[in-house]
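# Architecture at a glance
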Amino acid sequence: PPAPDTAASTSAAPSRLMDDFACVNGNITASDASEAAPALIIVTGLIGIAFSVFLLKLVSSIALDVASNNEPLVGSEPINGADVAEQNARLLELYAAITTGANAFLRSEYKLCGIFIVLAFPAMSVLIAWGDKEDGKWEWKNGWLSGVSFVVGAITSIVCGYIGMRVAV
């Protein structure tokens, strides 16, 4: 039997892969199929935010009260009324200490993040503008857009960390 034509079988796969893309002036550009991507990104982002708000309300509804759980721990005795008030006071004291520590941590971390952002933004912008230069002209648009994207991402990360800490503490 004749040997299968391997050149024909391997060339079909890349053409199927590249159906959604076209080469224009040496650059690969997406076809119409990828125009739905921004909508998909926005919709999934909104779903994520809605789910986060739901979980925040769920966690916030939990009371800081020793007596809220009527079941004693394994191997311990049930809590009587006098112990509940004392244990609630201790629980609130521990909660305040944890909150103070978390706030101190965030303050220190965000100072370092702020210094890094202030130093990295201009360096990144200049280096990208220099690296993308064509015909001896620096591409300041690319540099500044990349730098601004970095700052927006860093601020978004900081806000997410803050929200996460507020939910946890």
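The structure this text deals with has already been given above.
Anyway, here's the lowdown on the structure attached to this text.

### Description of the overall build of the chain
Of the regular secondary structure elements, the chain holds 4 helices and 2 strands. When the helices and strands of the chain are read in sequence order from the N terminus, they spell out α-β-β-α-α-α. For the chain, the exposed surface amounts to about 13,200 Å²; the carbon and sulfur share of it is 68%.

### What to know about the pattern of salt bridges
One pass over the structure, following the stated rule, counts 1 salt bridge. Linking R90 and E93 is a salt bridge whose minimum nitrogen-to-oxygen distance equals 3.1 Å. With a gap of 3 residues between them, R90 and E93 both fall in helix α3 (residues 81-131), about one helical turn apart. On the basis of relative accessible area, R90 is assigned to the partly exposed category, the value being 45%.

### Considerations on the packing of aromatic side chains
In total, this model carries 5 aromatic pairs according to the counting rule given. Geometrically, the ring pair formed by F121 and W144 is tilted, given 5.6 Å between the ring centres and 45° between the ring planes. Here W144 lies in helix α4 (residues 140-168) and F121 lies in helix α3, a separation of 23 residues in the sequence. Overall, W144 belongs to the partly exposed group, its relative accessible area being 39%. Here W140 and W144 contribute two aromatic rings whose centre-to-centre distance is 6.0 Å and whose plane-to-plane angle is 25°, an arrangement assigned as stacked. In this pair, W140 and W144 are both assigned in helix α4, 4 residues apart and thus about one turn of the helix distant. Here a set of aromatic residues connected by ring pairs shows up, and it is made of F121, W138, W140 and W144.

Scoring rules and cut-offs
- Residues numbered from 1 in each chain as written.
- Predicted model: local features only at pLDDT ≥ 70, side-chain atom pairs only at ≥ 80, totals over all residues.
- Heavy atoms only, no water.
- Helix = DSSP H or I, 4+ residues; strand = E, 2+ residues; numbered from the N terminus.
- Areas by Shrake-Rupley, 256 points an atom, 1.4 Å probe, with all protein chains shown as cover.
- Salt bridge = Lys/Arg side-chain N within 4 Å of Asp/Glu carboxyl O.
- Buried < 20%, exposed > 50% of the residue type's maximum accessible area, 1.4 Å probe, protein only.
- Phe/Tyr/Trp six-rings, centres within 6.5 Å; stacked < 30°, edge-to-face > 60°.

Everything listed is a geometric property; what it means functionally is a separate question.
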